[in-house]
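Structural overview for review
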Amino acid sequence: MKQQENITERLNGLGIQGVSCFDSSLPQCVKLGDSESLALQSKGDIVIGGFFPLHYVAAKPQHSYSSKPQLTPCSGFDHRAFRWMMTMVFAVEEINHDSSLLPGVKLGYRIMDSCDHVHTSMQALFSLIGHSKAVTTEVKQMEETENRLNMAKDRVTRIDTLPSCLAGSPVPAVIGLASSSPTRAVAHTLGPVNIPLVSYFATCTCLTDKHMYPSFVRTVPSDLFQVRGLVQLVTFLGWLWVGTIGTTDDYSHYGIQAFSNQFRQQGGCVAFHLTIPKSPNVADTQEMADRLQSSTAKVVVVFATEGQLLDLLLELAQRNVRGIQWVASEAWVTASLLTSRDFHALLEGTLGFSFPGVRIPGLKEFLLNVRPSPAPGMEFVNMFWEELFGCRLELGGDRSKENGVDTVDNLLGLDAFGYKSKSQNNSGSLIGPILGQKSSFKGSANEKPVCTGSEDLRYTDSSYTDVSQVRISYNVYKAVYAIAHALHKLLNCDSSGLNKGVCEKYKSFTSRQLLGHLKTVNFTNQFEEKVYFDSNGEPVPLYDIINWQKDSKGEIRFIKVGSYDGSAPLGQQLQMEQRTIVWTNGQLHVPVSQCSAPCPSGSRQARRPREPHCCFDCLPCADGEISNQTGSTECTKCPDFYWSDKDKVKCIAGVEEFLSFYDTMGIILVVLTLLGVVLTTIITTVFHHFRSTPIVKANNSEISFLLLLSLNLCFLCSLVFIGKPSVWTCRLRQAAFGISFVLCLSCLLVKTIVVLLAFQATVPGSRALKLFGPSQQRTLILCTTAPQVCLCAGWLLGAPPFPFRNPTYQASTGKIVVECKEPWPPGFYLVLGYIGLLAFLCLLLAFLGRKLPDTFNEAKLITFSMLIFLAVWISFIPAYVSTPGKFTVAVEIFAILASSFGLLLCIFGPKCYIILLRPERNIKKGMTRKYPR
């Protein structure tokens, strides 16, 4: 047992104790010592791995395959990522000083630089979870000792199914990475061996796939929720014409694709998309800047990191580009690297999503006590120191080393800190050296002043020390605590019995077991936030909406102006205080970004061919249609009997049109009607006064008076057609017209027959004329009128005409014609046809008597009157059908008056002429040719 404890202590010294021991039967990879990557590390009972993008520019690896590949140094030191890394160190030290979490167990860490690229991340991964030659040899020796003592059975966990370099990793869990593409590569590698990878900043939706990445969890929400929030934000502010900028990595690719798809579904249009190459040259940068400047889209949504954006933003700043409203993803919305004064004009007013920030107690003091050291493993701290102070360190001698592993507790001067806290602000790197402004130390490192390492961080103004509202660091903090809580449960730290309140420090476990406990973690931290992972290994999607605003000193500050809760009900997810937002160029009103200005009221949008639907022309609404809102895509048709006003913004009641008594045409027709009635009455009076004269007697005075009466009715029936139609006028007008004219024509028919019989009789007082006496004449009139009466009665009873507001002509005239609608149109044509039949019969009989004596030949007069009658009504039919609106009624009235005047004047005109002007001919002899003219 004592020898076993010695082995355990030796393993502890290597920082790999408490994890599954190695199975010597498995093939092992030996990592050459001279290719070991730099790492910040501290020993512990359980060592947690970590990846942070301390540099954001990684040189492209050059493999000749003829010599051993060398580690390529990265460039572009990122102060923000360094703070993330130190937050992990802080969280580990805080847990080690917390007696309630993992009591008796000391956590260690081994943290490496991923350089924010796939190839450097994979190099760091194999350096982290692989085994160096020295470590492998010592482990084998210890395993042989354990085998001799027969103690390895319950201490060694085999990974029989995975004979790889990853078997028996010295770290049971890894925290990282920041970008999605390197995270995918690492997660894909760690998945088969079930080593948990807890990301604090990789948000790509692609990482949700548990089949591809079974051991991946994250303390940052998926971009699925951020994209939904950004779409809601952009559309809420009325921006439907935006550009997008991304990079070639997975984070940008999936984010931009999801944003574009959802944005289009909400009616938006993507004006352009720019992809920043991995290593953009000057031409690439200038081409992208030209595209941004020339676009009409003034809102640009960006999915990228600050390092990837730097070249493009520098080009835009040099051109003094203004007026672009930037919408940032969480990757750069709180990046202090871009808050340099050179970017103020360009980036002020930037709006975007960030993770909730908190103030972690003790974190700032911890960060301010960091000190450089010549000890191995302190290279990252030394790099940070030289970058921050623009100097070069000349440190000599080892302060503290133990078994080849740095004791960071001593090296960083972390003896006495208050351990309570969480969170971070997305600070950035020092912009000066990057822009070539702050750095007055150009040339070799020897030209820089020497720094002692005792400089005071409290007097520096950098994002590293600004921890008032940390965000991504808070995700790192939660990741460390999530692993600690999983280990706490796995090591039975809450067990009762002899070891109550003490963890089973030497309990052997596998990474799979730790992963299972990590997925079920559920605890409430000191900030009252509940930390847990859903079925996809993701937290609750909560975001702050950040606005870049200048403070009183002219410095850019990240101000919270709203929030987004992806788990809230739809409609309550986005909360904004729009009054507090400062927009681009310091404006206080929402910027406008549109391909075409919204169409004003009274017009509609018309799509331009082969262009997005946000680009359109404005066309005025057609007559009878309106649009009472700005930006209408369609005009709304007015309801029936309503019409659009001159501005096409509202519907007004349509003007009713009918042949009125007050219209000029109505007055003329009324005058003509009254003239006809008066004229008919005068003729009737004349005939009555001279009823005993031969000319009146010869024309069958009874039939003549009946004919005059019917003509009077024909004149009067035209008045029923004038004025606004009503139920009774609609029913009366056609019936009165039909019966009056049939009665008139029946009288003419009888007169024609009488004339023919009278003048064609060979002997006076022949039997034929006696057979067609007054009673027969009345019977014939009755028989010929009765069918019309029956037809009109049946028509009115079966399908009577009714008043109808006809909107047919509203489109052309803007007026509604009030007319009598005939539900059974054949009724009118049957009435008219029967009148035409009688007229034709009269014409035929009168034509047969055209050669009667010329002194007074009534047959000729009837023939002429019938020709006029038929000509009028034959012309009436096409005119009636083709005339619109109230003129249809006017045409029918004109036909009634014309035919009535024709009959009146042709039949009775010559007789009145003789009676009144040539009385000498009004004698019996005058009825024949015997009277000289």
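Before any of the text, the structure's been laid out above.
The present account deals with the structure reproduced in this document. As the structure is a prediction and not an experimental result, all values here were calculated from the model. Counting from 1, residues in each chain are numbered in the order their sequence is written. In view of the model being predicted, local features appear only for residues whose pLDDT reaches at least 70, and side-chain atom pairs are presented and counted only at 80 or more, with totals across whole chains, interfaces and linings using the full set of residues. The side-chain numbers reported here are obtained from all heavy atoms of the structure, hydrogens and water having been left aside.

A few words now on the side chain of N806. Take N806: it is sitting in strand β30 (residues 802-806). A polar side-chain atom of N806 sits 3.0 Å from a polar atom in the side chain of E819. Setting aside residues no more than four positions away along its own chain, N806 makes contact with I816, V817 and E819. Where helices and strands are cited, they refer to DSSP runs of H or I of at least four residues and of E of at least two residues respectively, numbered from the N terminus. Two N or O atoms form a polar contact when they lie within 3.5 Å of each other; inside protein one atom must be a possible hydrogen donor and the other a possible acceptor, and for residues adjacent in sequence the pair counts only when both atoms belong to side chains. Contacts: residue pairs with any heavy atoms within 4.5 Å of one another.

Let's shift gears to a nonpolar patch on the surface. Within this analysis, patches are made of residues with over 30% relative accessible area and no salt bridge. Like charges are joined at 9 Å or less; nonpolar side chains (Val, Leu, Ile, Met, Phe, Trp, Tyr) at 5 Å or less. What sets the accessible areas is the Shrake-Rupley method with a 1.4 Å probe; for residues, cover comes only from the shown protein chains. By definition here, a salt bridge exists when the distance from a side-chain nitrogen of Lys or Arg to a carboxyl oxygen of Asp or Glu is within 4 Å. On the surface, a cluster of nonpolar side chains totalling about 250 Å² of accessible area is made up of I668, L672 and L675. By secondary structure assignment, the location of L672 is in helix α17 (residues 664-689).

Turning our eyes to something else, we now look at the sheet that holds strand β31 (residues 815-821). Sheet architecture is open: 3 strands sit in the order β29-β31-β30, paired in mixed fashion. If you trace the sheet from one side to the other, it starts and ends with β29 (655-657) and β30, each paired once. Between one strand axis and the next, the sheet turns by 35° as a mean value, whatever way the strands run. Only when DSSP finds a minimum of two bridges between them are two strands counted as paired. Taken together, the 3 bridges between β29 and β31 define a ladder with parallel strand orientation. Bridged to V655 within β31 is K815. Note on definitions: angles span 0 to 180 degrees between N-to-C directions of axes, and those axes are lines fitted to C-alpha atoms, for helices only across the stretch in contact.

The next subject is the environment of L905. As for its position among the elements, L905 is in helix α26 (residues 886-917). Residues L905 and T680 lie 225 residues apart in sequence; the distance between their C-alpha atoms is 9.4 Å.

Attention now goes to the sheet that holds strand β2 (residues 46-52). Read from one edge of the open sheet, 6 strands run β1-β5-β2-β6-β7-β8, paired in mixed fashion. Every interior strand has two partners, whereas the edge strands, β1 (39-42) and β8 (216-218), have only one. Each of β2, β5 (107-113) and β6 (174-175) touches helix α3 (residues 118-129); the most contacted strand, β5, lies at about 150° to it.

Okay, the packing of α17 against helix α19 (residues 701-717) next. Two elements in contact, α17 and α19, have axes separated by 9 Å at closest approach and are oriented at 165°. By the angle between their axes, α17 is roughly antiparallel relative to α19. Of the two possible hands of crossing, α17 and α19 adopt the one that is left-handed. For the pair formed by α17 and α19, the contact residues are T673, G676, V677, T680, T681, I683, T684, F687 and H688 on the first element and S704, F705, L708, L711, N712, F715 and L716 on the second. The scheme is simple: roughly parallel for angles under 35 degrees, roughly antiparallel for over 145, roughly perpendicular for 65 to 115, oblique for anything else. Two helices cross in a left-handed way if the nearer one is turned anticlockwise from the farther one by less than a right angle. They cross in a right-handed way if the turn is clockwise.

Turning our attention to the packing of aromatic side chains. Only the six-membered ring of Trp is used, alongside the rings of Phe and Tyr, when aromatic pairs are assigned; centres must lie within 6.5 Å, and planes under 30 degrees apart are stacked while those over 60 apart are edge-to-face, with the rest tilted. Summed over the entire model, instances satisfying the criterion amount to 35 aromatic pairs. Taking 4.9 Å as the distance between ring centres and 45° as the angle between the ring planes, the aromatic pair formed by W385 and F389 counts as tilted. Note that W385 and F389 are positioned in helix α12 (residues 379-389) at a spacing of 4 residues, about one turn of the helix. With a relative accessible area of 23%, F389 lands in the partly exposed category. Pairing Y477 with Y481 gives two aromatic rings, centres 4.9 Å apart and planes at 40°, and the pair type is tilted. Of the two residues, Y477 and Y481 are both situated in helix α15 (residues 472-490); the distance of 4 residues between them amounts to about one turn of the helix. Side by side, Y477 and Y481 carry an identical accessibility label, which is buried. A ring is scored as having a charge over it whenever the NZ atom of a lysine or the CZ atom of an arginine sits within 6 Å of its centre and within 35 degrees of its normal. Positioned over the ring face of F641 is R805, at 4.5 Å from the centre of the ring. Note that K821 overlies the ring of F804, its terminal NZ or CZ placed 5.0 Å from the centroid. The cut-offs for exposure are 20% and 50% of the maximum accessible area for each residue type, with area from a 1.4 Å probe on protein chains only; residues under the lower value are buried, those over the upper are exposed, and the others partly exposed.

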